[in-house]
Every structure is written in structure tokens, then in C-alpha cells.
Amino acid sequence: MVNWGEWVEQKILEAIRRGEFDHLPGKGKPLQLEENPYLEPGLAIAYHILRQNDARPDWIEADLAIRRGIELARRDLQRTMRWREEALRALEGRTDPRSRAEREGVEAEWDRALRAFARRIAELNEQIFLYNLKVPIYWLQRFKLNLREELQALGVSEADIERLEAG
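This is a predicted model, so every value here is computed, not measured.

A. Layout of the overall build of the chain. Secondary structure assignment for the chain yields 6 helices and 0 strands. Along the chain direction, N to C, the helices and strands of the chain fall in the order α-α-α-α-α-α. Against the compact-globule benchmark of 15 Å for 167 residues, the chain has a radius of gyration of 26 Å, which places it well outside the compact range. When its C-alpha atoms are laid out on the principal axes, the chain stretches across 80 × 45 × 35 Å. Out of the 167 residues in the chain, the part that is buried amounts to 24%. Excluding contacts between residues fewer than 6 apart, the proportion of contacts in the chain whose partners are at least 24 apart in sequence is 58%.

B. Summary view of unusual backbone geometry. At Asp54, a position not held by glycine, the phi torsion is positive, near 50°. As for its position among the elements, Asp54 is in the loop between helix H2 (41–52) and helix H3 (58–91).

C. Quick peek at the side chain of Arg84. Structurally, Arg84 is set in helix H3. With near-sequence residues (within four places) excluded, Arg84 lies in contact with Val106, Glu107, Trp110 and Asp160.

D. Representation of a nonpolar patch on the surface within the structure. Judged by side-chain polarity, Trp4, Trp7, Val8, Ile12, Leu13, Ile16, Phe21 and Leu24 come together as a nonpolar surface patch covering roughly 770 Å² of accessible area. By the element assignment, Leu24 lies in the loop between helix H1 (4–17) and H2. Leu24 gets classed as partly exposed once you look at its relative accessible area, which sits at 44%.

E. Examining H3 more closely. Helix length check: H3, at 34 residues, gives a terminal C-alpha distance of 49 Å against a target of 50 Å (1.5 Å per residue), a fit within 8%. A positive backbone phi angle near 80° is found at Gly93, which sits one or two residues after H3.

F. Fine view of the packing of H3 against helix H4 (residues 97–134). It is at 10 Å that the axes of H3 and H4 come closest, and there the two elements cross at 170°. As far as their axial angle goes, H4 and H3 are roughly antiparallel. Looking at the contact of H3 with H4 residue by residue, the classes come out as 21 nonpolar, 4 polar and 11 charged.

G. Focus on the nonpolar core. With 24 residues, the main nonpolar core has Leu77, Leu114, Phe117, Leu151 and Val156 as its most contacted residues. When residues of this core are traced back to their parent elements, those giving at least two are H3, H4 and helix H6 (158–166). With 9 residues, H4 is the largest single contributor of residues to this core. The contact partners of Leu151, leaving out residues within four places of it in the chain, are Leu77, Leu114, Phe117, Val156, Ile161 and Leu164.

Procedures and definitions
- Residues numbered from 1 in each chain as written.
- Predicted model: local features only at pLDDT ≥ 70, side-chain atom pairs only at ≥ 80, totals over all residues.
- Heavy atoms only, no water.
- Helix = DSSP H or I, 4+ residues; strand = E, 2+ residues; numbered from the N terminus.
- Rg over C-alpha atoms; globule rule 2.2 N^0.38 Å.
- Buried < 20%, exposed > 50% of the residue type's maximum accessible area, 1.4 Å probe, protein only.
- Contact = heavy atoms within 4.5 Å.
- Patch = residues over 30% accessible without salt bridge, like charges linked within 9 Å, V, L, I, M, F, W, Y side chains within 5 Å.
- Areas by Shrake-Rupley, 256 points an atom, 1.4 Å probe, with all protein chains shown as cover.
- Salt bridge = Lys/Arg side-chain N within 4 Å of Asp/Glu carboxyl O.
- Expected span 1.5 Å × (residues − 1).
- Axes fitted to C-alpha atoms, helices over the stretch in contact; angles between N-to-C directions.
- Parallel < 35°, antiparallel > 145°, perpendicular 65-115°, else oblique.
- Nonpolar A, V, L, I, M, F, W, Y, C, P; charged D, E, K, R; others polar.
- Core = buried A, V, L, I, M, F, W, Y, C linked by side-chain atoms within 4.5 Å.

Structure (C-alpha cells):
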């Protein structure tokens, strides 16, 4: 059975060795990617102006903001999760009243962080909704974030997720 990918690659390498690509027009020059054959004709001028001014279309800026928002929300919750684990480890085995109060404070901060993360996910889902209205190609649309899946991926316990969902 022939592996077509390997066969094509072999043929290309043979052509390179024979020098068949040595005198192609434009060799050594940057590719001209100015024209996009899939772009609506009316938008070509607008995108050209944006490119000339180092600007991006609004929907691309919105996508970047969403990506940054997701990354920051995850990073913040992970940081709080590490802090919580370290604080609880330091209090492990201690039962005095002060340790119990500290443990309660740590758990209250953790609950606050979970609620803040849930609010951020809701805000990001609103941004995703608006982004999906702007994006010119439907297959570039984003799926809304699922809070439970996000928390599970970050390693949040099922008990904490259920407590958050319960309100």
C-alpha cells in the first residue's frame, strides 16, 4: 500500500535535488499575501487600509480579548487554588481556635474566588456572543464556555463545583 504523503514528499525532494525549483519566479522574495481570494470585494479596501495602519478588524481584537480573558481567569483561579492548598497544608493537624478561624477564612476566600471565576466566565460568554455576531465567517465562531467543564479542567473538586452551582 502506498503512503501518498511520503510519495509526494519523495517526489518533491527528488525535484529539489535536480534543481527544478532553483529558477522559479520570485525565488528569495517575500510572498505577496495582500490579496485574499475569499474576501468579499467590498471589504478588500477596508482590510488593506487596516493592514497599512497596523490595525486589526474589530472581530479579531474581540477574539484576542476573549483569549486573554480566558487565560487570566484560569490563571487567577489556579493561583488562588495553589494558595489555598498551601494554606490548608500549613494548618493541617491544628485544631486550636485560631487555626479553625484561619481555615474558615481560607475557605471563604476560596468561595469568593470561585464566584468571581463564575462571573468572569459569564462575562466572557457575553463577549463570545458579541464576537459571534461580528465574525465574518461562521466557522470562526466560538462556543460559549461551560463553567463546570472549565472548573473540572482546572482540577476543582466536584464538591466545590456543586457548592458553587447550588448558589
